[in-house]
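# Topology and contacts: notes
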Number of protein chains: 2
Amino acid sequence: MKVALVQKKYYGNTETTIEKTVEDIKKASLNGAELIVLQELHQNEYFCQSEDTKFFDYAGSWEEDITFWSTVAKANRVVLVTSLFEKRTAGLYHNTAVVFEKDGTVAGKYRKMHIPDDPGFYEKFYFTPGDLGFEPIQTSVGKLGVLVCWDQWYPEAARIMTLRGAEMLIYPTAIGWFDGDNEAEKQRQLDSWITIQRSHAIANGVPVLSCNRVGFEADSAGVMHGIRFWGNSFVCDPQGSLIAQAGSVDETILYADIDHKRTKEVRDIWPFLRDRRIEAYGNLLKRYCD
Amino acid sequence: MKVALVQKKYYGNTETTIEKTVEDIKKASLNGAELIVLQELHQNEYFCQSEDTKFFDYAGSWEEDITFWSTVAKANRVVLVTSLFEKRTAGLYHNTAVVFEKDGTVAGKYRKMHIPDDPGFYEKFYFTPGDLGFEPIQTSVGKLGVLVCWDQWYPEAARIMTLRGAEMLIYPTAIGWFDGDNEAEKQRQLDSWITIQRSHAIANGVPVLSCNRVGFEADSAGVMHGIRFWGNSFVCDPQGSLIAQAGSVDETILYADIDHKRTKEVRDIWPFLRDRRIEAYGNLLKRYCD
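Overview of the structure. (Residues numbered from 1 in each chain as written. Chains lettered and ligands numbered in written order. Predicted model: local features only at pLDDT ≥ 70, side-chain atom pairs only at ≥ 80, totals over all residues. Heavy atoms only, no water.)

### What about the pairing of strand β12 (residues 226–230) of chain B?
Residues and elements named next belong to chain B. Taken across its five residues, β12 has four buried, putting it largely inside the fold. Across two bridges, strand β9 (residues 176–177) lies against β12 in antiparallel orientation. Bridge pairing in β12 links Gly176 to Phe229. Where strand β11 (residues 214–218) meets β12, five bridges bridge the pair, whose relative direction is antiparallel. From the neighbouring strand, Ala218 faces β12, where its bridge partner is Gly226. (Buried < 20%, exposed > 50% of the residue type's maximum accessible area, 1.4 Å probe, protein only. Helix = DSSP H or I, 4+ residues; strand = E, 2+ residues; numbered from the N terminus. Pairing = 2+ DSSP bridges.)

Right, dumping it as structure tokens:
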């Protein structure tokens with residue numbers, strides 16, 4: 001099964017950004033991709049660099065957005081993983097991945113569960129933590145364990161998705177460097193980000209697909225310089241081996257073949273799920289064991 | 001704080017193997033190591049390649065073994081992490097890490113919780129799964145999250161140790177290649193093994209120390225060819241960056257400096273423990289969510 005990850009930059013406005021993304025979806029579909037994954041909040045700039053209520057307007061089109069991406073999925077006959085800004089009511093928003101079936105119907109949605117709040121990534125201002133739990137989404141190309149960005153640092157999220165039957169883990173994400181950090185630190189950050197996601201493949205015996213944005217986006221508030229999104233979208237197999245990886249600068253449509261038979265083979269010889277000591281895991285439900 | 005991992009081969013008999021290990025402990029201590037970690041079941045060959053009751057005799061010296069390694073720790077004034085074959089009674093044995101304080105007292109012990117059983121690694125025949133839970137061991141060089149080999153594939157074990165206050169994760173281990181596998185598969189296996197352990201450092205913001213055996217050991221039953229233990233003992237920092245790594249062929253005393261201040265810095269800026277969704281983690285206590 002052929003998949004495509006669409007690694008894009010922000011084009012300065014919503015219309016052009018969406019238009020360019022749709023062009024890539026068409027290309028990927030024509031090249032045989034059945035599952036297409038977009039990066040986190042792909043309609044706009046990564047607006048969480050500052051805290052400004054004006055950005056809630058982006059969520060105002062939530063229902064129209066669903067209609068629009070439904071049309072795109074149907075027109076290209078692909079399963080499409082989008083990442084949208086969901087408005088439930090005024091003052092209550094989510095960072096939500098919506099998955100569309102090849103016929104344009106909504107296969108399911110996932111509300112980002114782990115919300116970061118770090119300098120330049122002020123997501124707790126914008127997004128209420130998800131309340132739908134870690135539920136894979138059944139589609140015609142398999143049961144998709146869709147998670148979003150900050151979730152990628154949490155082995156718990158990947159494990160629960162797998163225990164609920166996810167056949168692959170998918171992370172729309174938006175992460176990058178601050179130009180002020182030195183090269184060694186930048187390399188460590190990128191390496192940690194790839195490593196933690198590869199580890200979810202290994203621990204759970206599932207392929208991992210991670211689609212990141214690319215390009216520099218200035219902090220519109222002018223407080224910080226901005227974020228240089230590091231791309232490096234990748235697909236790894238159930239042993240955590242990279243089978244496709246994009247660069248850190250250019251837009252890319254990254255293709256990979258997912259082999260469900262390989263998942264079974266790997267899991268049968270590395271049967272980590274067999275030996276979990278569930279009766280001794282109670283402390284996982286605690287904040288900290290003081 | 002200087003640590004040393006003693007990566008050794010098996011010398012054909014228990015006496016010589018122990019003697020060579022003690023020599024390395026002396027060297028490491030003279031070179032300033034305060035914490036020394038030995039590989040899994042370092043007194044003997046990796047006997048779990050076959051199922052034979054004769055090997056239970058190795059556990060017969062369990063109490064003398066503790067006395068012996070206590071003397072070694074005290075003589076070299078080091079905190080020593082050993083990996084021994086524990087006899088509780090006939091027909092009831094554990095794979096147990098015993099940690100000794102610099103004065104030779106027993107700081108604590110950990111009974112391997114996750115027990116593998118794969119071709120060439122028939123551990124379920126020998127070891128009852130541990131019943132002491134995931135409890136770090138307090139020592140004069142910090143609170144040690146000691147786990148053993150197969151545990152390294154389980155994010156749950158690393159997480160609970162961290163939630164219980166472990167300041168570093170330590171894995172005595174014995175893992176290697178079958179010569180019959182092709183080079184690409186061997187590389188994937190080694191890479192997966194390093195990656196999953198580095199991921200525990202990243203997810204939990206703690207250094208990881210992993211001490212593996214090296215050298216070829218034939219299957220004494222003659223059923224399989226044998227295991228070529230792949231060494232590659234390593235230490236990584238709380239971002240998962242490798243700060244020391246041994247090769248795959250030679251015996252090595254691997255030194256590294258552990259910087260507790262760095263742990264605090266990394267955790268404060270990558271505050272993954274802050275955002276765990278503990279109220280949504282209940283499924284982690286299930287075998288599978290059918």
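### Examining the sheet that holds strand β6 (residues 137–139) of chain A
All names here are of chain A. Here we have six strands laid out as an open sheet, ordered β6-β7-β8-β10-β13-β14, and mixed in their pairing. Unpaired on one side and paired on the other, β6 and β14 (242–245) mark the two borders of the sheet. Across the sheet, the mean angle separating the axes of adjacent strands is 20° when strand polarity is ignored. Where strand β7 (residues 142–146) lies against strand β8 (residues 168–173), three bridges are found, and the strand directions are parallel. Paired with Val146 across the two strands is Ile170, which belongs to β8. (Axes fitted to C-alpha atoms, helices over the stretch in contact; angles between N-to-C directions.)

### Brief notes about the interface of chain B and chain A
Contacts between the two partners involve 57 residues from chain B, matched on the other side by 57 residues from chain A. Two residues, Glu156 of chain A and Arg276 of chain B, come together in a salt bridge whose shortest N-O distance is 2.9 Å. Going through the elements one at a time, α4 (155–163), α5 (183–204) and α6 (260–269) of chain B are the ones with two or more residues in the side of chain B that touches chain A. The leading source of residues in the side of chain B that touches chain A is α5 of chain B, at 11 residues. Residue composition of the side of chain B that touches chain A, by class: 27 nonpolar, 12 polar and 18 charged. (Contact = heavy atoms within 4.5 Å. Salt bridge = Lys/Arg side-chain N within 4 Å of Asp/Glu carboxyl O. Nonpolar A, V, L, I, M, F, W, Y, C, P; charged D, E, K, R; others polar.)

### Some points on the side chain of Lys112 of chain A
Residue and element names in this part refer to chain A. Secondary-structure assignment places Lys112 in the loop between β5 (106–111) and α3 (123–126). A distance of 2.7 Å separates the side chain of Lys112 from the side chain of Glu123, its partner in a polar contact. In this structure Lys112 touches Glu40, Asn95, Glu123, Thr128, Pro129, Gly130, Val148, Cys149, Trp150 and Asp151, once residues within four positions along its chain are discounted. (Polar contact = N/O pair within 3.5 Å; in protein donor to acceptor, adjacent residues only side chain to side chain.)

### Some details on the pattern of salt bridges
A full pass over the atoms with the stated rule returns 53 salt bridges over all chains. The salt bridge involving Lys112 of chain A is made with Glu40 of chain A; its shortest N-O contact spans 2.8 Å. Here the residue Lys112 of chain A occupies a position in the loop between β5 and α3, and Glu40 of chain A occupies one in the loop between β2 (35–38) and α2 (62–76), the gap between them amounting to 72 residues. Residue class for Glu40 of chain A comes out buried when judged on its relative accessible area of 0%. A salt bridge links Glu217 of chain B to Arg213 of chain B; the shortest N-O distance between them is 2.7 Å.

### A word on the relation of the copies chain B and chain A
In screw terms, the move from chain B to chain A is a rotation of 180° and a rise of 0.0 Å along the axis, fitting with an RMSD of 0.0 Å. Here the transformation between the copies is reduced to the relation of a two-fold axis. Most of the interface of chain B is mirrored in chain A: 100% of its interface residues are interface residues there too. (Least-squares fit on C-alpha atoms with pLDDT ≥ 70 in both.)

### Thoughts on unusual backbone geometry
All names here are of chain B. Positive phi outside glycine occurs at Leu41, with the angle close to 50°. Turning to its location among the elements, Leu41 is positioned in the loop between β2 (35–38) and α2 (62–76). Here Leu41 falls in the buried class, since its relative accessible area comes to 4%. Non-glycine residue Arg77 carries a positive phi angle of around 50°. Position of Arg77 relative to the elements: it lies in the loop between α2 and β3 (79–89). Judged by relative accessible area, Arg77 falls into the exposed class, the value being 62%.

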